[in-house]
Amino acid sequence: MIKRIGITALAMVLCSGALYAQNEQIVYIDGVKYAVYTVVKGDTLYSLSKRYDVSIDQITTSNPILSEGLKAGQNIKIPLKKEADSKSAKKSAKRNKKLFRNYIVRKGDTMYSIAKVYGVSVNTLIADNSNIDPAHLPVGANILIRRSEIGTVSEQSNREQMDHYKGKMNSVATDSYNYHVVHSGETASSIATKFNTTIQDLLALNGFSSESNIREGLIIKVPKSTVSAQTPVVPTPEQAPKEEVVVVEQEREQATKSKFQALQQGERAEVALMLPLTTAERRQQNFMDFYQGFLLGANRLRMEGYESHIHLYNTAHDSEKVAQIIDSGELKDMDLIVGPVYEDTLIPVARHAEKRAIPVVSPLANLTQATASNLFQMSPRPSSKFDKVKSLFDSSQRIVVITSDTVDREFESEVMQLIGTTPYTTHKYVYEHPSVIEKRMKAVAEGAVVVPSPSDLSPLLESDQNTLFVILSGTEVDVDRILAALASANISLKSRSIKAAPYSVFGNNKWNRYRNIDRALFFSNNLIMLSTYHTDRSVDSVHKFSSEYINAFGVMPSLYAYRGYDAAVIFIRSLYDKIETGLANEQFIPLQTPYSFIEDENSGVRVNGEWIRINYNSNFTITTE
């Protein structure tokens, strides 16, 4: 039953977005031609390098995010070889003149203005003139206009296509700026105000000499700090990259503290679920997983006598769409609102619901701007992250910090604050190929004096003192090598009857994102890490949910699905009893991860206070605290 209901609902919500989803968009960024490619399941760096005839190094250099692994759904930019441009130009020169009109670019022209004059598609213009950067049309360049399409495309359609092109560029932007399409009526002054900069800085960022350079349809650079990122804070052990949050002036009335009213047993709960199921015409699988997990949670409660009606809204991470949902008046009849997942779109929903004492759940993000007494945040506060591991960094054991050529600076900063004034030593790990190490060992055996290998960590373990190793490396390869080197050194010392120090490793929760790391090394090195969420499928409750999910949807649940289930079970059930107290002094464990909500004195938001300490033990068991 659930499978049929879930799939039908998904199809209704996604039919329009999925039809227009594109896996690839050719763009120019700072004059360099790229394919912006959406990774799908089964892709590897090797397969992509072969498909686009570029090296793996070129792909990884263009995409720093790939240091954390290739993930389905992410956008990456792949540089296209210069030969592709020349071939395209030759092909264009040989096209039948009957198919195209020729247009010579004049000063002030944009791809949008040309499309507008001829009533043709921007996408077609870009495709037919793939050797020209659509954001910087050179005066005198020849533009091919497809005759069969002249007068067939609306101005509105072209505005949407330009925004889609811009969105693809922004999805792979790594510098301090994003891109913006100049719309009708916009000026240098209005754009500068919108993006919290000055006219002078805006012109300098784009290399413009005058405000007149900014014209309708032009793609320009704007400061990135005030533009929302596309990826939310993820409730997973890997802690996805932090989202940039639009600072919204709330200007709300000083509302009294929300007093929630519980439903009576037998009443049906009306629940609004607000998720960005599609963004930039692309399906967001993570949020589909959340929705499906939420459905299973609501279904479980239904069997326990808690009836609910789920109203699903696709917010598309679009402020205008969220405003339309609020203006429709539908939210005022809800007993519970879950989402939106981004803070910039959540704030107006929370403000609207606060006046009506409707609880609003932020399921994924760490809120920094919202102040509302009806808000519940499921992700724990970063400020309480290290409470459960502070004892590791006192003077009771030796601390050794291991670095390499790559260092995760954010993790390094956190660790240095934890260490404080406690003494510690450092070691820089340098990888050596096994053949080099073998030659070195052979030379030692023959009596030669040889400098110890920097990849041999045995000297670090030759101690009687309990030791905590902290690995600050920022790439999957380095982390895997260092963990393997520690485990190998421990085995080597013991095999030679040399006492090795009892040790553990404090790790970065981003390591769970690494797909090719040997997980057995977590256990052999007594790894300790912190997480916002944890599930062990050997636990009965998790195993049961996973089986139900597979039966309903045909795939393994992701951590988004688990969080969706938790959200439904905690908050729909609480509508009937604990909601009146604001969930104070209560702990909830729907599957395996605990939640307890504590009111923030400054914002009034009730925030989950539970970080999880995960201990990977050498006997291949996992314990949590």
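Residues numbered from 1 in each chain as written. Predicted model: local features only at pLDDT ≥ 70, side-chain atom pairs only at ≥ 80, totals over all residues. Heavy atoms only, no water.

Student: Could you give me a rundown of the overall build of the protein, with the residues and numbers involved?
Tutor: The secondary structure content of the protein amounts to 19 helices and 23 strands. Counting across all 625 residues of the protein, residues that qualify as buried make up 53%. Counting contacts in the protein only where the partners sit at least 6 residues apart, residues at least 24 apart contribute 70% of the total. When the accessible surface of the protein is split by element, carbon and sulfur atoms take 50% of a total near 29,500 Å². (Helix = DSSP H or I, 4+ residues; strand = E, 2+ residues; numbered from the N terminus. Buried < 20%, exposed > 50% of the residue type's maximum accessible area, 1.4 Å probe, protein only. Contact = heavy atoms within 4.5 Å. Areas by Shrake-Rupley, 256 points an atom, 1.4 Å probe, with all protein chains shown as cover.)

Student: Can you tell me about the confidence of the model for the protein, naming the residues and giving the values?
Tutor: Fine structural detail should not be taken from predicted coordinates in areas where pLDDT scores are low. Overall, the prediction assigns the protein a mean pLDDT of 80, with 86% of residues at 70 or greater. Taken element by element, the predicted model of the protein shows its lowest mean pLDDT in helix α1 (residues 2-19) (40) and its highest in strand β12 (residues 336-338) (95). Within the model, pLDDT remains below 50 along residues 83-92, and this stretch shows 9 contacts once partners closer than five positions in the same chain are excluded. Within the model, the stretch residues 226-256 combines pLDDT values under 50 with 89 contacts to residues more than four positions away or in other chains. (pLDDT = per-residue confidence, 0-100.)

Student: How would you summarise the sheet that holds β12 if you had to cite specific residues and measurements?
Tutor: Ordered by their spatial adjacency, 7 strands build an open sheet running β11-β8-β12-β13-β14-β21-β20, and the pairing between neighbours is mixed. Each edge of the open sheet is held by one strand with a lone partner, namely β11 (308-314) and β20 (597-599). When strand polarity is set aside, the average angle formed by the axes of neighbouring strands in this sheet is 20°. Pairing of strand β8 (residues 269-275) with β12, which is carried by 3 bridges, proceeds in the parallel orientation. Along β12, the bridge assignment pairs A272 with I337. Across the sheet, helix α12 (residues 343-354) is in contact with β8, β12, β13 (360-362) and β14 (375-377); its angle to β13 comes to roughly 155°. (Pairing = 2+ DSSP bridges. Axes fitted to C-alpha atoms, helices over the stretch in contact; angles between N-to-C directions.)

Student: Pulling in residues and values, what's your account of the pairing of strand β22 (residues 612-616)?
Tutor: Within β22, 5 of the 5 residues are buried, leaving the element largely enclosed by the surrounding structure. Residues of β22 alternate between two faces, with I612, I614 and Y616 on one and R613 and N615 on the opposite face, all of them buried. Where strand β19 (residues 527-531) lies against β22, 4 bridges are found, and the strand directions are antiparallel. Residue pairing for β22: M529 is matched across the bridge by I614. Pairing of β22 with strand β23 (residues 622-624), which is carried by 3 bridges, proceeds in the antiparallel orientation. Residue pairing for β23: I614 is matched across the bridge by T624. Where β22 hands over to β23, the hairpin turn is made up of 5 residues, of which F620 adopts a positive phi near 65°.

Student: Which residues make up the pattern of salt bridges, and what values do they have?
Tutor: Side-chain pairs of opposite charge can arise where the charged atoms are in close proximity. The full count for this structure, using the stated rule, is 15 salt bridges. Here D128 ties to R146 by a salt bridge, and the two come within 2.7 Å at their closest N and O atoms. With a gap of 18 residues between them, D128 in helix α6 (residues 122-128) and R146 in strand β5 (residues 142-146) connect regions that are remote in the sequence. Since its relative accessible area comes to 5%, D128 is described here as buried. Its salt-bridge partner being D577, residue K578 comes within 3.9 Å of it at the nearest N-O pair. Exposure remark for K578: the relative accessible area of 27% places this residue in the partly exposed category. (Salt bridge = Lys/Arg side-chain N within 4 Å of Asp/Glu carboxyl O.)

Student: Hey, could you go over helix α11 (residues 319-327) for me, with residue numbers and the actual values?
Tutor: Within the sequence span of α11, burial applies to V322, I325 and I326. Along the long axis of α11, the arc covered by the buried residues comes to 100°, so they all point the same way. Facing away from the buried side of α11, by more than 90 degrees, are the exposed residues E320, Q324 and D327. Packing partners of the buried residues in α11 comprise β8, β11 and α12. The N-capping residue of α11, defined by a side-chain oxygen 2.8 Å from the backbone nitrogen of E320, is D318. Once α11 ends, the next one or two residues include G329, with phi positive near 80°. (Arc of directions from axis to C-beta. Polar contact = N/O pair within 3.5 Å; in protein donor to acceptor, adjacent residues only side chain to side chain.)

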